[in-house]
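# Results of the structural survey
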Amino acid sequence: MQHNIVVVHELYPELLATLQAEHHVTHFQRLGNDADRAAFRDAMAEADAFIGSNVKFDKALLDASPRLKVIASVSVGVDAYPLEEIQSRNIVLTNTPEVLTDATADTGFLLLMMAARRAGEMERKVRGGQWQASLGRTDFGVDITGKTLGIVGMGRIGQAVAQRGHHGFNMPVMFYNRSERPELEEAFDARQVSLETLFSESDFIVVTVALSEATRGLVDRNLLAATRDKAILINISRGQVVVEEDLTACLQDGTLYYAGLDVYEREPLAPDSALLSLDNAVLLPHIGSSTFETRNAMCDLAADNLNRVLKGESALTPV
Ligand SMILES: NC(=O)C1=CN([C@@H]2O[C@H](COP(=O)(O)OP(=O)(O)OC[C@H]3O[C@@H](n4cnc5c(N)ncnc54)[C@H](O)[C@@H]3O)[C@@H](O)[C@H]2O)C=CC1
Ligand SMILES: O=C(O)C(=O)CO
């Protein structure tokens, strides 16, 4: 049976064609302007299903989408969705766990290595014709192998980061997590510790915890001020877990040596953000899962979820 589907995502062409063969599809790459947003709202009035990301599903939009049965999010993080409103309307929300774990953990290590070796700064020097000026002690970075790795949120991505650190870089690992995970202490020869211990005893701190009201603003000036000499903070979860103003101040006054960020309090990062003027921060534009293979797998999983719910079956990965 044909259903009305609204897509707000750059699905890969073959998948889009498959959906179009089976359903009536209204497709937006993104909601970039008022005309797109108005057309999107019109389409949602008749939509049975939504697949995509970066759309704010507030109460007003849900009210204006009376036929909606499934929201198939092309993301693992579901912090942007009003879960109670969605549940109260019997809409199924699905996400894309597992398939993006490795790519996101790789991005964490990419940031960690770029920050440790100040790769962005050095690359800018080469491009700026300053090769000679980048050979001295003032441009040295810090070792990676054997340093202590602290992971905030030991879920799927946290464990994949731990695996890279423990097996690839011989790093002692410690982690902070909501639930007790003794089996992970064993798997990674790791210690589960308090947030305070993690911040004061790690050389690299990687934030991979999910955003919720409990974790909003979790990493603040007090924790950052307790870090070791030349400690580095990496954030690949959500910007709002870290108080960005505190992070910026600690990078500015040298309390924190370096940061590697894929996510920000507000995205896209504002052109006047103070982070942009800091040499001791590596800034990526939320590309944690942005590889061809991973994004295709995320889209496939989201489409499978959508089709299953429309057929009356249970979703593969409901939230
Ligand atoms: N930068 C990017 O492009 C990407 C970012 N992400 C972010 O990474 C997050 C984590 O993803 P997964 O590892 O797949 O999720 P997950 O659910 O497997 O892991 C989250 C971990 O955080 C822990 N946790 C939750 N609340 C906590 C609290 N209050 N205190 C301490 N620990 C707490 C959970 O126990 C769990 O171990 C996502 O929610 C998303 O925001 C995910 C993919 C890509
Ligand atoms: O999946 C997520 O939560 C992301 O942030 C993008 O992949």
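What you see is a predicted model; the values in this text were computed from it and never measured.

## Side note on the overall build of the protein
Each helix and strand counted, the protein has 12 helices and 12 strands in total. Against the globule reference of 20 Å for 319 residues, the protein gives a C-alpha radius of gyration of 21 Å, in line with a compact fold. Expressed along its principal axes, the backbone C-alpha trace of the protein runs to roughly 65 × 50 × 35 Å. Going through the 319 residues of the protein one by one, you find that 40% of them count as buried. Taking the intrachain contacts of the protein between residues at least 6 apart in sequence as the baseline, contacts between residues at least 24 apart amount to 63%.

## Looking at the UniProt feature "domain: D-isomer specific 2-hydroxyacid dehydrogenase NAD-binding" (unreviewed entry) in the protein
Per the UniProt entry, the sites bearing "domain: D-isomer specific 2-hydroxyacid dehydrogenase NAD-binding" (unreviewed entry) are residues 110-288 in this numbering. End C-alpha to end C-alpha, residues 110-288 measures 10 Å, and it is 32% helix and 14% strand.

## Side note on the nonpolar core
The biggest cluster of nonpolar side chains holds 54 residues, and the ones touching the most others in it are Ala 115, Ile 205, Val 206, Val 207, Ile 232, Ile 234 and Ala 259. Non-local contacts of Val 207, meaning those with residues more than four positions away in its chain, are made with Val 152, Gly 153, Val 219, Ile 234, Asn 235, Ile 236, Ser 237, Val 241 and Val 242. Ala 43, Phe 50, Val 70 and Leu 301 belong to the second-largest nonpolar core, a separate cluster that totals 36 residues.

## Details of the site of ligand 1
The full set close to ligand 1 counts 29 residues, and Gly 77, Gly 153, Gly 155, Ile 157 and Gly 288 are the nearest of them. In terms of residues, the shell around ligand 1 owes the most to one element, helix α7 (residues 156-169), which gives three residues. Here the residues of the shell around ligand 1 are counted per class, giving 11 nonpolar, 14 polar and four charged. In terms of domain composition, the shell around ligand 1 takes at least three residues from each of domain 1 (4-99 + 292-310) and domain 2 (101-283).

## Points about the site of ligand 2
In the region of ligand 2, the neighbouring residues are Ser 75, Val 76, Gly 77, Leu 100, Gly 288 and Ser 289. Along the lines of polarity and charge, the residues of the shell around ligand 2 split into two nonpolar, four polar and no charged.

## Description of the domain arrangement of the protein
Along its sequence, the protein is organised into domain 1 (4-99 + 292-310) and domain 2 (101-283). A straight line from the C-alpha centre of domain 1 to that of domain 2 covers 32 Å. Listed by partner, the interface residues are five residues for domain 1 and seven residues for domain 2. Classifying every residue of the side of domain 1 that touches domain 2 gives one nonpolar, two polar and two charged.

## Let's talk about the sheet that holds strand β3 (residues 49-52)
Spatially, β2-β1-β3-β4-β5 is the arrangement adopted by the five strands of the open sheet, whose pairing is parallel. The outermost strands of the open sheet, each flanked by one partner alone, are β2 (24-28) and β5 (92-94). If you compare each strand with its neighbour and ignore which way they point, the axes differ by 15° on average. Here helix α12 (residues 292-310) sits on the sheet in contact with β3, β4 (70-73) and β5, set at roughly 170° to β4.

## Here's the deal with helix α5 (residues 101-116)
Between the first and last C-alpha of α5 there are 22 Å, a value that for 16 residues agrees with the 22 Å anticipated at 1.5 Å per step. For α5, the buried fraction is high: 12 of the 16 residues fall into the buried class. Looking only at α5, the buried set comprises Thr 101, Ala 103, Thr 104, Ala 105, Thr 107, Gly 108, Phe 109, Leu 111, Leu 112, Met 114, Ala 115 and Ala 116. Taken from the residues just after α5, Arg 118 is the one with a positive phi, measuring 50°.

Reading guide: rules and limits
- Residues numbered from 1 in each chain as written.
- Chains lettered and ligands numbered in written order.
- Predicted model: local features only at pLDDT ≥ 70, side-chain atom pairs only at ≥ 80, totals over all residues.
- Helix = DSSP H or I, 4+ residues; strand = E, 2+ residues; numbered from the N terminus.
- Rg over C-alpha atoms; globule rule 2.2 N^0.38 Å.
- Buried ≥ 20, exposed ≤ 12 C-beta atoms within 10 Å, placed from the backbone.
- Contact = placed C-beta atoms within 7 Å.
- UniProt positions renumbered as here; feature names shortened; annotations may be inferred.
- Core = buried A, V, L, I, M, F, W, Y, C linked by C-beta atoms within 7 Å.
- Near = placed C-beta within 6 Å.
- Nonpolar A, V, L, I, M, F, W, Y, C, P; charged D, E, K, R; others polar.
- Domains from an automatic or database assignment.
- Pairing = 2+ DSSP bridges.
- Axes fitted to C-alpha atoms, helices over the stretch in contact; angles between N-to-C directions.
- Expected span 1.5 Å × (residues − 1).

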